[in-house]
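Observations on the model geometry
Here's the letter readout for the chains.
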Amino acid sequence: MLQFSAMTISRTKKVKLFPFDTIAFYLTLAGAAVALVFFWPGWSLEFLKQTVVFSLLALAFSLWLLARLQDNRLEIFGHPVILASLAIVLTTVLSASFASVKTPAFLGLGGEVGTVVALGFGFLLFFLASQYFSKKHFFWFHLVLAAVFVLGLIAQIFGLVFGFSLVWLGNFYDWPVFIGLVAILTLAAIELFPFKLAYLRPVFWVVLILSLLTLGFFNLTPIWLMIALAALVLLVYQLLFSERAASWPGVLRPSFFILIIALLFLPILSARANLVDGAFTWLGQKINWPIAEMGSYSVKHLGQAFPTSVFGSGPNTFGFMAAEKSLPLKIDYGFNRQANFPWGLGQWWQLALETGWLGVLSWLGLIVASLFYLVKTKPSPLLLSGILATGYLAVFQIIYVSGFALSSLTAIFAGLLLAEMARGGFVPKYQLNAQEGIQRTFFVIGLVLCLILSVLGGYWSTQRLLARFYFNQAVVQARSGENSLVVRENLNRTLSLEENDFYLRAMVEWGNLRLSELLTSQDLTPADLEREAGLAINTAVTSGKKAILWRGGGADNWFTLAQLYERLHGLQVAGALEEARAAYEAAGQLAPLDTGLLFNRSRFEESVGELNQAVNFVQVATELAPADFTLWLRLGVLKFKLRDWAGARAALESALTLNPNYADARYFLGLTYAELGLTDVALAEFNRLRVTNPDNQEIEQIIANLQAGLTPFAGLSEPVADQKIDKEN
């Protein structure tokens, strides 16, 4: 094996070096802390964490490079895991280079973890953790994670009591995965570590018990499976390899009892009898494991796209390829919308679709290299703890679409594990000393280039952070009713720092806001109104047309432009109707099976009097999402307006079958029964509505009319399609 011999450096006097390494270590530690607990009200949590962490890591890596230039020595681990990790970065870059939508693949739109940049910084975090985190840091990192869990649990309890939601880890489902990690690490600490401070052992016991109790509120079978596996590994290790004095008789160790608890929970969860199912709501959200939903989209078409794909569709482009492959995706078209799939890479099938054969082979290479060296490694308590933590997180990187915090933790623990293996002598080190001549020249040039790239990366992260700052200011001002011109000023600042379709869509939304403000103003002359409205329309349309140049168009970009033209058609702007229909059609071609888009296309066609076309769109939506009762109501109301009483009856009965308490559906079903001559059945439906709507005089009049043999609306106005009444309890 090739190794560079050390060259002795002779000095006439001791030179005090600047502490670049010390500062870099604390910056890396700060990056790890930010990834876990940092948040700021009103900001996108993932974007803010990612940007701050990237800036800290860029600065830390710059200082590491300066330290190497200062001491003329470079020491790296000669481990295949590092080479496999670099291969993953390289194949991801190649995949992004061949992607049809390159901006989301390379940079992302706001907080994704599957981009080239995010993966590169993840490798950087892995590298810096392996360089700077020592044995004592490994143990104290256990304490840090335990403290984060306790603080998070307190925040959740306060949230339940006082009615607010605070999940600072990121994605909501990252929280139980993190709790499972804390449970495994605290169990490993209790089993493996000699506590020099006596009070720490009961502290770890309390954290372990709290973590297990908290996990009891989540219907997450994979976490309990991983805890059971970790407990089994610890039990076998203690029985076969432990050199510590046995404080527990035979197999009756903490890991044995945790194994029994985990195995007992599995049949409870499979029988759907845990504390959450069907009843418990955590912070107002139903707890479900989200693997199957995303997986069903991609597995269904994996056989079509993957076998012939070398580079895949590109990292972080699952949503766009899914639209091309006609997968039924639900797109959020809100004003502060992030990317279609902001959690990026994660599940194995999504990875296969995005990075193709090269990506899959590179990740398999990393897994094989890791397992090969782990099998050859003699286990030690600290190393075993690191293996359990890294393995647990790696599993959830495959089966779950995780957020930035869990991805960062995976990189940190992988770096800690590599560093511990190196200290145990299981990983060779390569040391290069460069003092003079051509060797030093290449050494300095290489490090300076890396330094330049690091500084540029930090500058880019800071610029994105400033852009998001101005954007957040604009959002807050818009929601608080601030003058629209002030909102536009901050949006212009945003676009001057970073222009992408997300911010351009916001400018289109601003155009709608400005028009609403102008139309309600009492202080403008007709000429001023026409001039200001023209400027707002021009700004919005120009921004919308720029947005569709990004990401191959993007269904959401076309949808936003379509809504703008629909608004302009309502203001009788010439040609707006044709532009709106064309934009809706373009969005529909990019996402033909998106039920939200189909619903809005149906609403648009109804608004322009094309009821049959409106029925066609919503009918397709009901076929794609037959369990969505709101779609069945929409279909039933359209059929009602077309006087298709049989069709209306079938659709509205379907809506009530799915949701018996859906009062709007019962209202129109009662009217439909009346039109079909089923007066007694219609009366029964309206009498049920009377119970839940005792103050609704219209229902009282309809009942009186039906009892008198009159039409339901004798003496009343006809119903409108979007009429709403109070829903039943």
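Note that the structure is predicted; figures quoted are calculated from it, not measured.

**Some points on the environment of Leu-456**
Inspection of the secondary structure puts Leu-456 in helix 16 (residues 437-479). Residues Leu-456 and Ala-58, 398 residues apart in the sequence, show an inter-C-alpha distance of 8.5 Å.

**Concerning the confidence of the model for the protein**
One rule of thumb: low pLDDT means the predicted coordinates there are not for detailed reading. Of the residues in the protein, 74% reach a pLDDT of 70 or more, and the chain-wide mean stands at 76. Averaged pLDDT values for the elements of the protein fall to 46 in helix 11 (residues 291-305) and rise to 93 in helix 25 (residues 645-658). Note on residues 269-299: pLDDT is under 50 here. Beyond four places in sequence and across chains, it has 72 contacts. Counted against residues more than four places away or in other chains, residues 721-729, with its pLDDT under 50, gives 31 contacts.

**Considerations on the packing of aromatic side chains**
Following the criterion strictly, the structure yields 21 aromatic pairs and no others. A centroid spacing of 6.0 Å and a plane angle of 80° characterise the contact between Phe-54 and Phe-404, whose relative ring orientation is edge-to-face. Here the residue Phe-54 occupies a position in helix 2 (residues 45-71), and Phe-404 occupies one in helix 15 (residues 404-423), the gap between them amounting to 350 residues. Each member of the pair, Phe-54 together with Phe-404, is buried. Ring centres of Tyr-667 and Phe-668 lie 5.2 Å apart, and the angle between their planes is 85°; on these two criteria the pair is classed as edge-to-face. Each member of the pair, Tyr-667 as well as Phe-668, is classed as buried. Among the aromatic residues, those joined into a cluster by ring pairs are Phe-640, Trp-645, Tyr-667, Phe-668 and Phe-686. The aromatic ring of Phe-599 is capped on one face by Arg-634, whose charged end is 5.6 Å from the ring centroid.

**Some words on the nonpolar core**
Counting 102 residues, the largest nonpolar core has Leu-145, Phe-178, Ile-227, Leu-409 and Phe-413 as the members making the most contacts within it. Contact partners of Leu-409, with chain neighbours within four places excluded, come to Leu-36, Phe-141, Leu-145, Phe-178, Leu-181 and Leu-393. Core analysis: the second largest hydrophobic core is formed by 39 residues, Trp-632, Leu-689, Ile-699 and Ile-702 among them.

**Focus on the packing of helix 22 (residues 595-607) against helix 24 (residues 629-641)**
Interaxial distance between helix 22 and helix 24 falls to 12 Å at its minimum, and their mutual angle equals 20°. Considered as vectors, helix 22 and helix 24 are oriented roughly parallel to each other. Remark: the crossing between helix 22 and helix 24 carries left-handed chirality. Between helix 22 and helix 24, the contacting residues are Thr-595, Phe-599, Ser-602, Arg-603 and Glu-606 on the first element and Leu-631, Arg-634, Leu-638 and Lys-641 on the second. In terms of residue class, the contact of helix 22 with helix 24 is made up of three nonpolar, two polar and four charged.

**Describing the pattern of salt bridges**
Scanning all chains against the criterion turns up 16 salt bridges. Salt-bridge contacts for Glu-532 lead to Arg-531; the nearest nitrogen and oxygen are separated by 3.7 Å. A salt bridge links Arg-634 to Glu-606, with the shortest nitrogen-to-oxygen separation between them at 2.5 Å. Placement of the pair is Arg-634 in helix 24 and Glu-606 in helix 22, with a sequence separation of 28 residues. The class for Glu-606 is buried, based on a relative accessible area of 14%.

**Considerations on helix 27 (residues 679-692)**
Taking 1.5 Å as the rise per residue, helix 27 with 14 residues should run 20 Å; its terminal C-alpha atoms sit 20 Å apart, in good agreement. Those residues of helix 27 that sit buried are Ala-682, Leu-683, Glu-685, Phe-686 and Leu-689. Buried positions in helix 27, seen along its axis, are confined to an arc of 165° and lie on one side of it. Exposed and facing more than 90 degrees away from the buried side of helix 27 are Asp-680 and Val-691. Buried-residue contacts for helix 27 involve helix 26 (663-675) and helix 28 (697-707).

**Looking at helix 9 (residues 221-240)**
Look at helix 9: 29 Å from first C-alpha to last across 20 residues, which is about the 28 Å you get at 1.5 Å a residue. Among all positions in helix 9, only Pro-222, Ile-223, Trp-224, Met-226, Ile-227, Ala-228, Ala-230, Ala-231, Leu-234, Leu-235, Tyr-237 and Gln-238 are buried.

**With respect to the side chain of Arg-505**
Residue placement: Arg-505 occurs in helix 18 (residues 501-519). On the basis of relative accessible area, Arg-505 is assigned to the buried category, the value being 8%. In this structure the side chain of Arg-505 is engaged in a polar contact, spanning 2.6 Å, whose partner is the side chain of Asn-557.

**A look at the environment of Ala-474**
Looking at the secondary structure, you find Ala-474 in helix 16. In this structure Ala-474 touches Val-487, Asn-490 and Leu-491, once residues within four positions along its chain are discounted.

**Quick notes on a nonpolar patch on the surface**
Residues Leu-229, Leu-232, Val-233, Val-236, Leu-239 and Leu-240 make up a contiguous nonpolar surface patch of about 510 Å² in total accessible area. By the element assignment, Val-233 lies in helix 9.

**Description of the packing of helix 23 (residues 611-624) against helix 24**
One way to put it is that helix 23 packs onto helix 24 with a least axis distance of 9 Å and a crossing angle of 155°. With respect to each other, helix 23 and helix 24 are oriented roughly antiparallel. The handedness of the crossing between helix 23 and helix 24 is left-handed. Residues Leu-611, Ala-614, Val-615, Val-618, Gln-619, Ala-621 and Thr-622 of helix 23 touch helix 24, and the partners they reach there are Leu-631, Trp-632, Arg-634, Leu-635, Leu-638, Lys-639 and Lys-641. Residues that form the contact of helix 23 with helix 24 fall into these classes: nine nonpolar, two polar and three charged.

**Things to note about the environment of Gly-312**
With respect to the helices and strands, Gly-312 occurs in the loop between helix 11 and helix 12 (318-324). Linking Gly-312 and Gly-356, residues 44 residues apart in sequence, is a C-alpha distance of 3.9 Å. With sequence-adjacent residues up to four places away left out, Gly-312 is seen in contact with Leu-353, Glu-354, Thr-355 and Gly-356.

Rules and cut-offs
Residues numbered from 1 in each chain as written. Predicted model: local features only at pLDDT ≥ 70, side-chain atom pairs only at ≥ 80, totals over all residues. Heavy atoms only, no water. Helix = DSSP H or I, 4+ residues; strand = E, 2+ residues; numbered from the N terminus. pLDDT = per-residue confidence, 0-100. Contact = heavy atoms within 4.5 Å. Phe/Tyr/Trp six-rings, centres within 6.5 Å; stacked < 30°, edge-to-face > 60°. Buried < 20%, exposed > 50% of the residue type's maximum accessible area, 1.4 Å probe, protein only. Lys NZ or Arg CZ within 6 Å of the ring centre and 35° of its normal. Core = buried A, V, L, I, M, F, W, Y, C linked by side-chain atoms within 4.5 Å. Axes fitted to C-alpha atoms, helices over the stretch in contact; angles between N-to-C directions. Parallel < 35°, antiparallel > 145°, perpendicular 65-115°, else oblique. Left-handed = near helix turned anticlockwise from the far one by under 90°. Nonpolar A, V, L, I, M, F, W, Y, C, P; charged D, E, K, R; others polar. Salt bridge = Lys/Arg side-chain N within 4 Å of Asp/Glu carboxyl O. Expected span 1.5 Å × (residues − 1). Arc of directions from axis to C-beta. Polar contact = N/O pair within 3.5 Å; in protein donor to acceptor, adjacent residues only side chain to side chain. Patch = residues over 30% accessible without salt bridge, like charges linked within 9 Å, V, L, I, M, F, W, Y side chains within 5 Å. Areas by Shrake-Rupley, 256 points an atom, 1.4 Å probe, with all protein chains shown as cover.

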